[in-house]
Amino acid sequence: MKRRKLVALSAVFVTAVAALLISSQTVLVSAHNGAAPAQEGQKGDHGQKGDREEPPPPPYNPYPFGILPGDLNSEIARVLREVDNIEFETLAQLQALPPPTLTGLPPILANTGQRLNVLLGKAMNYDRNISPFKDRACAFCHMPYVGFSGPIPSVNLTMVAYPGSFQFRAGKRTAQRYTYSPSFPVLNFNDTQQAFFGGNFWDSRATGYLLGSPDANQAQGPPVDTQEHMLPDTACIAFRLQSAVYKPFFIEVWGDAIDTIKFPHNTEDICETPGGASVLGGSNMPIKLSPADRSIANDVYDHWGQSIDQYETSPDVSAFSSKFDAFLHAPTTNPLSADEMAGYNLFRGKANCNSCHLDGRSTAPSPKAPHSEDTGTAADTRPVFTCFGSANLGLPLNPRDAFFYQNTPDFFGFTANPFGFGYRDLGLGTFLRSGFGSWASPNDTWTQFAPSSDGKMQVSSARNVAMTPPQCPTTEAPGPYFQKEFFHNGYIKSLKQLVHFYNTRDLYPFNVTSGHCPAGTTEKVDCWPMAEVKNNEDMTVGKLGLTDTEENQIVAFLQTLTDGFTRPYPNINTFTGMCMTCNPATDPNCSPSRQGNGFLIPTPPLPPCASAVCGVPPFPSPPIP
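About the cut-offs
Residues numbered from 1 in each chain as written. Predicted model: local features only at pLDDT ≥ 70, side-chain atom pairs only at ≥ 80, totals over all residues. Heavy atoms only, no water. Disulfide = S-S within 2.5 Å. Helix = DSSP H or I, 4+ residues; strand = E, 2+ residues; numbered from the N terminus. Buried < 20%, exposed > 50% of the residue type's maximum accessible area, 1.4 Å probe, protein only. Salt bridge = Lys/Arg side-chain N within 4 Å of Asp/Glu carboxyl O. Core = buried A, V, L, I, M, F, W, Y, C linked by side-chain atoms within 4.5 Å. Contact = heavy atoms within 4.5 Å. Axes fitted to C-alpha atoms, helices over the stretch in contact; angles between N-to-C directions. Parallel < 35°, antiparallel > 145°, perpendicular 65-115°, else oblique. Left-handed = near helix turned anticlockwise from the far one by under 90°.

Q: Explain the state of the cysteines to me, please; I cannot follow it from the model alone.
A: By definition, a disulfide links two cysteine residues through a covalent bond between their sulfur atoms. This structure, assessed with the given rule, holds 5 disulfides. Two residues, Cys236 and Cys271, share a disulfide whose sulfurs are 2.1 Å apart. Taking the torsion about the S-S bond as the criterion, the Cys236 to Cys271 disulfide, at about -95°, is left-handed. With a gap of 35 residues between them, Cys236 in helix H6 (residues 235-241) and Cys271 in helix H8 (residues 267-271) connect regions that are remote in the sequence. The residues Cys236 and Cys271 share a single accessibility class, namely buried.

Q: Please explain the pattern of salt bridges as it appears in this structure.
A: Side-chain pairs of opposite charge can arise where the charged atoms are in close proximity. Inspection of the entire model under this criterion finds 21 salt bridges. Salt-bridge contacts for Glu89 lead to Lys122; the nearest nitrogen and oxygen are separated by 3.4 Å. Separated by 33 residues along the polypeptide, Glu89 in helix H2 (residues 72-96) and Lys122 in helix H3 (residues 113-125) bring together distant segments of the chain. Take Lys122: its relative accessible area is 2%, and that puts it in the buried class. Here the salt bridges do not stand alone but share partners, grouping Arg173, Asp203, Arg205 and Asp425 into one network.

Q: Which parts of the structure should I look at to understand the nonpolar core?
A: Considering soluble globular proteins, one finds that nonpolar side chains tend to be buried as a cluster. Ranked by size, the top nonpolar core spans 53 residues in total, and within it Tyr63, Tyr126, Phe140, Met143, Tyr145 and Met159 carry the most contacts. Among the elements of the structure, H2 and helix H15 (611-614) are those that each provide at least two residues to this core. Broken down by element, this core gets its largest block of residues, 6 residues, from H2. Beyond its immediate sequence surroundings of up to four residues, Tyr145 is in contact with Arg78, Val79, Glu82, Pro151, Met467, Thr468, Pro469, Phe482, Asn571, Ile572, Thr574 and Phe575.

Q: Would you mind going over the environment of Leu94 with me for this structure?
A: Examined against the element boundaries, Leu94 turns out to sit in helix H2. Each C-alpha atom of the pair Leu94 and Phe249 lies 7.9 Å from the other, and the pair is 155 residues apart in sequence.

Q: Would you mind going over the packing of helix H13 (residues 495-504) against helix H14 (residues 548-558) with me for this structure?
A: Two measures define how a pair of helices packs: the angle their axes make with one another and the distance between the axes. H14 packs onto H13 with a crossing angle of 125° between their chain directions and a minimal axis gap of 9 Å. By the angle between their directions, the pair H13 and H14 is classed as oblique. For the pair H13 and H14, the sense of crossing is right-handed. On H14, the residues touching Leu495, Lys496, Val499, His500, Asn503 and Thr504 of H13 are Asp548, Glu551, Asn552, Ile554, Val555 and Leu558.

Q: Would you take a moment to explain unusual backbone geometry for this structure?
A: Leaving glycine out, the prevailing phi sign among residues is negative, and the prevailing peptide bond configuration is trans. Cis geometry is found at the peptide bond from Gln167 to Phe168, where omega equals 5°. Cis geometry is found at the peptide bond from Pro617 to Pro618, where omega equals -5°. Here Pro618 shows up in the segment after H15. A positive phi angle is found at Phe201, which is not glycine, with a value near 80°. Position of Phe201 relative to the elements: it lies in the loop between strand E4 (195-197) and helix H5 (214-219). Accessibility expressed as a relative area gives 11% for Phe201, which makes it buried. Positive phi, normally seen in glycine, also occurs at Phe388, with a value near 70°. Looking at Phe388, the relative accessible area reads 22%, which means it is partly exposed.

These values are about where atoms sit, not about what they do.
Right under this line is the structure:
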């Protein structure tokens, strides 16, 4: 295997980062007013073709006023600077790592091989070159200081889905945390429980059927997603890696076959074109490679996913370093506070959270317990706080989701959502049908279960649900706080609202859509709009009978699941933005219960669910309006 050549390249990278940091601070025209700002990195500093510079394409802005936040361009630039800084740090870590020794049969990269693969995955995770305009890395939507979820407070408050490489084409769901995502097993149907378990993504479409790891499979999605990185061909990964600063480390782990691929002369033009562009003619392999080169490129793509999976599996991401972990290890030395303990007892008792977000704790009655009392003796397992299944919690449709408005062609002739508000997010049900906006299912015996899976979304781990940057110590107003978004469509804006929704969804149901709660009621307090998908609602929630104090105690417990208590959490200090604050005396929405309500907008009259979504057999039962 080739030795490293990073020393000479490091100086080049330092220069490039400096240029990026300067260019990313350019003040751009506000996206809020619908003007056409220059796109960061689009055919500018990174997009030159020879000596010819092309003007950036006009941004895609089909949104009504208020959907895009006014600070979107400056916040994009901030996150890109943070991404570049972590990438530079990672390359330095790779350079300082003692080389492993290849030995034995099967061949093993002994001593530092695992750390090498973890750092390789980290370098790829923060590489913004893996996008047509070299302005999006995986980490852009998943930064460490928020548990690897969405890092822009204003996006979390307004447009919900994050803008991809071609601005402002955006996705349709929240940026799901990928801490502990490697713990999810390969997706399968359990005949006894008549339910699916495993997979990655909100709709479980990253099954892991080929690589044996849903998390590695998930990492292969964003680079070629038309709403995210937007590369038009998986082979663009191998093409971009051929010139990556960290290529010597990729070769050290996976071999040098990547250098044997003979790419056609127009590959750069293709890889600079966002997926879905009309010029691509609908081809999913526009780069014309020989069968042998295509096979190598496919292997490179698999290795891309596998190395990122190793990074996400490592303690750098999935750390098990929370206060709750310290409590499990030594409850006397690291006790939970009175409210935290009360919240934990509610979590695994009256609130019924533990039926889905399993703590892996109790094997009671303990043999040593007097009178067979349930003492909560810890099970010999890692508590991941998920059942690895899916559920439809009955979330209302969120009219702020940018995806609903992308019903007209963009500059490249691509229309992300031709159905507009006729779209309904059926989650797992759509995937099982190989339907619009998801992936093809690799198992046709699963299709029959689509109607019983409509509306179901993955039960994410509750770990790190409360993680925020240190300078913004909470998710809850009045702060200083970091504005996050919760659940697949970002409808919930605080942990208090999240717990209150579980508690009271069925106490305050109204046959209205969001933004239309009756006079005298307050949305998310004593009015819950109807579910976007009413089929298969989880009825174990909705009437939990929790008091206001008990809701707050559960929030206190959820905050103990934030990593970084027993040892520092890597890169949690990289946030360079501003915390949010508000004044309860002047702002009626300045409380965890009403947080974000000042940004509620009325849902327009909804057309029937599009036939391309709800008219695909086996049909939803009952039909979805």
